[in-house]
Amino acid sequence: MSRRILPLAALTAATALTLTACGGEPAEPDDIKGAGASASARAGEKAEEAEGKRPDIGLPEGVVMEVEKGQPSKPAHQPALDDAFRYIRAMRHGIVAQNPDDAAYQYYATAGAARYARGQIEQWVEGGWTPTGTDRYYDTGTSEVGGGKGVLVTFCRDQSQTFSKSLKTDKVHRTEKSLKSFQKYSVLMREKPGESGVWQAGQIEVQGEAKECRR
């Protein structure tokens, strides 16, 4: 139930312009641009500070997200990578809750990414479906955009073992594994204003039938 939002090249360019236009925000010279232990340590400290403010994105038994994160290209990208998957999980949380206004995805998303999440939740609600099974994510990657103020997070998805279940009948709609089971995600992340250590998804692009993700 995913839909294509914006070609990746256009998405990246648009976000780079947005980040540049934000101006007036002092960059943290080494932590955003550079790698190394100091960047990783400071990012970890910020994430710890934010933990108490984060919304619940727990999922019920039977709704599983398996994530193989791997290592980001730079240690400073780790919080963006982590919160990209929290955004995906928050979207799942909203679907299970059957709530297009769920606060969880709104905490982790803005602009196009928030609209995408809302649209996805609305489709499940209108269809009277809820997810069940195991959703797998892997082959992650990160790169800087907007002069180091944003991070592009990419990853693959295998949805061959996650299915739709009717809320009225509990009947599970099962599908066979095929190229349609594989998707490639590109999510543009930026640190959330006023909440150090929290990163928000601003734009998302989902490519269906992603051959490079097939396993």
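Enquirer: So, the nonpolar core: which residues are in play, and what are the values?
Expert: Membership of the largest hydrophobic core comes to 36 residues, with the highest contact counts inside it found for Tyr87, Ile88, Phe155, Met189 and Ile204. The greatest single-element share of this core, amounting to 9 residues, is contributed by helix H4 (residues 78–97). Counting 5 residues, the second largest nonpolar core, distinct from the first, contains Tyr138, Cys156, Ala210 and Cys213.

Enquirer: Account for the pairing of strand E3 (residues 150–158), with residues named and values stated.
Expert: Of all 9 residues in E3, 9 are buried, a share of seventy percent or more. On E3, burial covers both faces: Gly150, Leu152, Thr154, Cys156 and Asp158 on one face and Val151, Val153, Phe155 and Arg157 on the other are all buried. Here strand E2 (residues 129–145) runs beside E3; their pairing, made up of 8 bridges, is antiparallel. Note on E3: the bridge partner recorded for Val145 is Gly150. The loop that links E2 with its antiparallel partner E3 comprises 4 residues; one of these, Gly146, has a positive phi angle of about 60 degrees. Sheet topology places E3 next to strand E6 (residues 182–191); 9 bridges connect them, and they run antiparallel. Note on E6: the bridge partner recorded for Asp158 is Phe182.

Enquirer: Describe helix H6 (residues 111–127), with residues and values.
Expert: Over its 17 residues, H6 runs 25 Å from end to end, which matches the ideal 24 Å to within 8%, given 1.5 Å per residue. Taken together, the buried positions of H6 are Gly112, Ala113, Ala114, Tyr116, Ala117, Gly119, Gln120, Ile121 and Trp124. Packing partners of the buried residues in H6 comprise H4, helix H5 (103–108), E2, strand E4 (162–166), E6 and strand E7 (199–208). Looking at the residues trailing H6, positive phi occurs at Gly128, about 75 degrees.

Enquirer: I'd love a proper account of the pairing of E4, names of residues and values included.
Expert: Residues in a regular strand project their side chains so that they alternate between the two faces of the sheet. Within E4, 4 of the 5 residues are buried, leaving the element largely enclosed by the surrounding structure. Summarising the sheet, E2 and E4 pair through 5 bridges and their orientation is antiparallel. Each residue of the ladder has a partner; that of Trp129, found in E4, is Ser166. From the end of E4 to the start of strand E5 (residues 172–173), which pair antiparallel, there are 5 residues, and Asp170 there has a positive phi angle of about 70 degrees.

Enquirer: How would you sum up the side chain of Arg92? Please name residues and give values.
Expert: Tracing the backbone through its elements, the reader meets Arg92 in helix H4. Apart from residues lying up to four places away in sequence, Arg92 is in contact with Leu59, Val63, Trp124, Pro131, Asp135, Arg157 and Thr162.

Enquirer: Go over H4 with me, naming the residues and quoting the values.
Expert: In this model, H4 (20 residues) spans 28 Å end to end at C-alpha, consistent with the 28 Å of a helix rising 1.5 Å per residue. The buried fraction of H4 amounts to 15 of the 20 residues, a majority that puts the element mostly inside the structure. One or two steps after H4, the chain reaches Gln98, where phi turns positive at roughly 55 degrees.

Enquirer: I'd like a description of the packing of aromatic side chains, backed by residues and values.
Expert: Under the criterion given, the structure shown has 6 aromatic pairs. Judged by centre distance (6.0 Å) and plane angle (75 degrees), the rings of Phe85 and Tyr137 are edge-to-face. Here the residue Phe85 occupies a position in helix H4, and Tyr137 occupies one in strand E2, the gap between them amounting to 52 residues. As far as the burial class goes, Phe85 and Tyr137 line up, both buried. Taking the centre distance of 4.6 Å and the plane angle of 40 degrees together, the rings of Phe85 and Phe155 count as tilted. Of this pair, Phe85 sits in helix H4 while Phe155 sits in strand E3, placing them 70 residues apart in sequence. Under the relative-accessibility criterion, Phe85 is labelled buried at 5%.

Enquirer: Any chance you could break down unusual backbone geometry for me, citing the residues and the numbers?
Expert: Even without a glycine there, the phi angle at Ala111 is positive, about 50 degrees. Unlike most non-glycine residues, Glu209 shows phi in positive territory, near 50 degrees. Secondary-structure assignment places Glu209 in the segment after E7.

Calculation rules
Residues numbered from 1 in each chain as written. Predicted model: local features only at pLDDT ≥ 70, side-chain atom pairs only at ≥ 80, totals over all residues. Heavy atoms only, no water. Core = buried A, V, L, I, M, F, W, Y, C linked by side-chain atoms within 4.5 Å. Buried < 20%, exposed > 50% of the residue type's maximum accessible area, 1.4 Å probe, protein only. Helix = DSSP H or I, 4+ residues; strand = E, 2+ residues; numbered from the N terminus. Pairing = 2+ DSSP bridges. Expected span 1.5 Å × (residues − 1). Contact = heavy atoms within 4.5 Å. Phe/Tyr/Trp six-rings, centres within 6.5 Å; stacked < 30°, edge-to-face > 60°.

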